[in-house]
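# Working through the structure, step by step
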Amino acid sequence: MYDVIYDVMVKARIASKWPVSVYTDREGNEVEEGERFGLKQDIRINHDHYLIFGNKSECRTNQKKDGHVGGTTHVVKRGMVPQTVCSVNDHAFTILPFTSVSGGVVCCVVISRATTMTVFQ
């Protein structure tokens, strides 16, 4: 399945094929099996700053029934329930963070969904 992606990366000169499959460490250096990190590698990434990963996360603003307190401890009288403010309007949005393989942040895209839209000028 990934062969097509690897072929495109090699064609774009972002990666190159190893002559023989090898084991690598965390830094991508060729090592023996006893020092390996992961499985045998067929390709080597030459320009990791050109590869970008995107990860889609669907979110909602309604926090009333999410069951998450945020890790915060509230001090209240025994038998009382802490009253915290939360959003009860239910708006959906999508977050798309993009990062490079080298670890750098490229950008973050936020997509809002609405049934009506008002443009302010």
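Above: the structure in question.
Figured I'd write up the structure that's included with this text. (Residues numbered from 1 in each chain as written. Predicted model: local features only at pLDDT ≥ 70, side-chain atom pairs only at ≥ 80, totals over all residues. Heavy atoms only, no water.)

Turning our eyes to something else, we now look at the sheet that holds strand β2 (residues 30-31). Strand order in the open sheet formed by three strands is β2-β1-β3, and the pairing between neighbours is antiparallel. Each edge of the open sheet carries a strand with a single partner, namely β2 and β3 (41-45). Bridge count for strand β1 (residues 15-24) against β3 is four bridges, and the pairing is antiparallel. The residue of β3 that forms the bridge with Lys17 is Ile43. Contacts between helix α1 (residues 3-11) and the sheet are confined to β1 and β3, with β1 contributing the most and set at about 125 degrees to the helix. (Pairing = 2+ DSSP bridges. Helix = DSSP H or I, 4+ residues; strand = E, 2+ residues; numbered from the N terminus. Contact = heavy atoms within 4.5 Å. Axes fitted to C-alpha atoms, helices over the stretch in contact; angles between N-to-C directions.)

Attention shifts here to the nonpolar core. Core analysis: the largest hydrophobic core is formed by five residues, namely Met9, Ile14, Ala15, Ile43 and Leu51. If we ignore the near neighbours within four places in the chain, the residues touching Ile43 are Tyr6, Met9, Val10, Ala15, Ser16, Lys17 and Trp18. (Core = buried A, V, L, I, M, F, W, Y, C linked by side-chain atoms within 4.5 Å. Buried < 20%, exposed > 50% of the residue type's maximum accessible area, 1.4 Å probe, protein only.)

With that settled, the discussion passes to the layout of surface pockets. Computed from the structure, the largest pocket encloses a volume of approximately 830 Å³. In terms of lining, the largest pocket is formed by 26 residues, of which the most central are Met9, Gln41, Ile43, Arg44 and Ile45. Looking at side-chain class alone, the lining of the largest pocket contains 12 nonpolar, four polar and 10 charged residues. (1 Å grid on protein atoms, 1.4 Å probe; cavity = no way out; pocket = protein on both sides within 12 Å on 5 of 7 lines; lining within 4 Å. Points joined across faces, edges and corners; volume = space filled by probe spheres on them. Nonpolar A, V, L, I, M, F, W, Y, C, P; charged D, E, K, R; others polar.)

In total, this model carries zero disulfides according to the counting rule given. Considering cysteine sulfurs only, Cys108 is the nearest to Cys107, which forms no disulfide, with 7.3 Å between them. On the accessibility criterion, Cys107 (34% relative accessible area) is partly exposed. (Disulfide = S-S within 2.5 Å.)

What follows concerns the pattern of salt bridges. Taken as a whole and judged by the stated rule, the model has two salt bridges. Across the pair Asp7 and Lys17 runs a salt bridge whose closest N-O atoms are separated by 3.6 Å. One end of the pair, Asp7, is in helix α1; the other, Lys17, is in strand β1, with 10 residues separating them in the sequence. Asp7 gets classed as partly exposed once you look at its relative accessible area, which sits at 41%. Notably, a salt bridge pairs Lys56 with Glu58, separated by 3.7 Å at the nearest N-O pair. A relative accessible area of 48% places Glu58 in the partly exposed class. (Salt bridge = Lys/Arg side-chain N within 4 Å of Asp/Glu carboxyl O.)

Without other data, these values stay purely geometric and don't point to any function.
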